[in-house]
Amino acid sequence: MATVVELISYPVKGCAGVPAAEAELTPAGLAHDRSFLVVGPGGVFRSQRKDPRLAVIRPQVGADGTHLTLSAPGRDPFHLDIDPGTDPAARSGVEMFGAPYRAVDQGDGVAGWLSGTLGAESRLVRVPPEHDRVTDGLTPGTSGFADSCALHILSLASLDDLNRRITAAGRPPVPMDRFRPNIVLDGWDAPQTEDRVRRVTVGGGELGFAKLAIRCAVTLVDQQTGGKAGPEPLRTLASYRRVPEGGVAFGSKFAVLATGKVAVGDAFEVTEWGTD
C-alpha cells in the first residue's frame, strides 16, 4: 500500500509549487492548480522551457481564493485581488501548445510586476468560470492550464531508482521538484508502479489513469534558482525510459473521477491495475 507523502499545487503555471498538508481535489486537480497562466506578446504562454526564471516566482492564493500574492528574490511582493471573470464579455485569447483558450486578464499592475521580474513583456491570466477543457488519455478529464491532465503522480521508488542510475555514472542526484508532481507517493518497492495503476481512491476522491508523463526540458531547470542545470535527468532517463509515444516517460498523469479532500498520510488504494 502506498501513501501520500507530499501534495503540491502550482497556482501559476511554470512558477514555484505550493506544498500543503491537505487540499481539495476538484475536477481540474488540486484546488487552484494551474488556474493562472503567464503569457507573452500575442497571448502565447510562457513556460520554464524558454523562461526558466518563472521557477523563482512564488505564488500564494489566499484562503478564500480571492487574493493572490506573488514574490520573487529582489522584488517587493505583489498583492492581487483576483478578477474571477464574472463579465463574460471580458475575455482574452491565449495560446498554449498551439491551442486557443479564453482567459481572464488580471490587469496592468501584475503585468508590470511580471514583466519586470522576467525581463520580458508578460501578463497574467486566469481560467474563466466557463472553462471546459477536455483532456485526453485512457481516462478523459479536465484541467486548468496544466500541460495536459489534472494530476501528475510520482513515487519515491521511481525517483530513487533514477538517482541510483545517475549517481552510478558519477553525477549528482536530482531532487523531486525537478519533476513538479502534484502527489508524491511512498510505500512501493518497485519503481514505475504508478504506471500500472488504472483506478485508485485517495482521501475522499477517485482517480483514473490517463497516460504516462512525457518529460521535457523543464526537468533541466534548478527549481530553487531558476537556472539551467542539465543534462540530468534527461540523459539517464533516455537510457531506460524511452516510450513508443515519443520521448522519455517518468511519472503518470491522472484524471479526477470523484472529488473530495486529500491529505498527506492518506492511503493510495489501487482498485484496478493495468496488465502492462
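Read on for a plain summary of the structure. (Residues numbered from 1 in each chain as written. Predicted model: local features only at pLDDT ≥ 70, side-chain atom pairs only at ≥ 80, totals over all residues. Heavy atoms only, no water.)

### Some remarks on the sheet that holds strand 4 (residues 29-30)
Sheets are built from strands that pair by backbone hydrogen bonding, the pairs being arranged parallel or antiparallel. On the basis of which strands lie adjacent, the open sheet formed by three strands has the order 4-3-17 and antiparallel pairing. The sheet terminates laterally at strand 4 and strand 17 (260-263), the two strands that pair on one side only. Alignment of strand 3 (residues 22-26) against strand 17, held across four bridges, turns out to be antiparallel. Its bridge partner lying in strand 17, Glu 24 is registered against Lys 261. (Pairing = 2+ DSSP bridges. Helix = DSSP H or I, 4+ residues; strand = E, 2+ residues; numbered from the N terminus.)

### A word on the sheet that holds strand 5 (residues 36-39)
Overall, antiparallel pairing links the four strands, which are arranged 5-11-10-9 in an open sheet. With one partner strand each, in any of the chains shown, strand 5 and strand 9 (92-96) form the two edges of the open sheet. Taking each pair of neighbouring strands and ignoring which way they run, the sheet shows an average axis angle of 55°. Packing of helix 1 (residues 108-118) onto the sheet brings it into contact with strand 5 and strand 11 (123-126), and relative to strand 11 it is tilted by some 125°. (Axes fitted to C-alpha atoms, helices over the stretch in contact; angles between N-to-C directions. Contact = heavy atoms within 4.5 Å.)

### Overview of the environment of Pro 233
Positionally, Pro 233 belongs in the loop between strand 15 (205-214) and helix 3 (234-240). Classification of Pro 233 by relative accessible area gives buried; the value is 0%. Separated by 191 residues in the primary sequence, Pro 233 and Gly 42 place their C-alpha atoms 32 Å from one another. With sequence-adjacent residues up to four places away left out, Pro 233 is seen in contact with Leu 162, Ile 166, Val 174, Arg 178, Phe 179, Thr 219 and Leu 220. (Buried < 20%, exposed > 50% of the residue type's maximum accessible area, 1.4 Å probe, protein only.)

### Looking at the packing of aromatic side chains
Evaluation of the coordinates by the stated rule reveals six aromatic pairs. Feature note: the residues Trp 188, Phe 268 and Trp 273 constitute an aromatic cluster, connected by ring pairs. A cation sits over an aromatic face here: Arg 165 above Tyr 240, 3.7 Å from the ring centre. Between the NZ or CZ atom of Arg 198 and the centre of the ring of Phe 209, over which it lies, the distance is 4.2 Å. (Phe/Tyr/Trp six-rings, centres within 6.5 Å; stacked < 30°, edge-to-face > 60°. Lys NZ or Arg CZ within 6 Å of the ring centre and 35° of its normal.)

### Examining the nonpolar core
Leu 151, Leu 185, Leu 207 and Phe 268 are the most contacted members of the largest nonpolar core, which totals 21 residues. At the level of elements, strand 1 (2-9), strand 3, strand 12 (151-155), strand 13 (183-186), strand 14 (197-202), strand 15 and strand 16 (249-258) are the ones that each hand at least two residues to this core. Leave out the neighbours within four places in its chain, and Leu 207 touches Leu 25, Leu 151, Ile 153, Arg 198, Arg 199, Val 200, Val 202, Phe 254, Ala 255, Val 256, Leu 257 and Phe 268. If you look at the next biggest cluster of nonpolar residues, it comprises 17 residues, including Val 12, Leu 68, Trp 113 and Leu 118. (Core = buried A, V, L, I, M, F, W, Y, C linked by side-chain atoms within 4.5 Å.)

### Concerning helix 1
All buried positions along helix 1 are accounted for by Val 110, Ala 111, Trp 113, Leu 114, Thr 117 and Leu 118. On an axial view of helix 1, the arc spanned by its buried residues comes to 165°, and they lie on one face. Considering only its buried residues, helix 1 is in contact with strand 5, strand 7 (67-72), strand 8 (75-81) and strand 11. Once helix 1 ends, the next one or two residues include Gly 119, with phi positive near 70°. (Arc of directions from axis to C-beta.)

### Re unusual backbone geometry
Comment: phi is negative for the bulk of residues other than glycine, and the bulk of peptide bonds are trans. In this structure, Pro 231 follows Gly 230 across a cis peptide bond, with omega equal to 15°. If you trace the backbone, Pro 231 turns up in the loop between strand 15 and helix 3. Here Glu 232 and Pro 233 are connected by a cis peptide whose omega angle stands at 15°. Its identity is not glycine, yet His 32 carries a phi of approximately 75°, on the positive side. If you trace the backbone, His 32 turns up in the loop between strand 4 and strand 5. Judged by relative accessible area, which is 36%, His 32 ranks as partly exposed.

Structural measurements only, silent on function.
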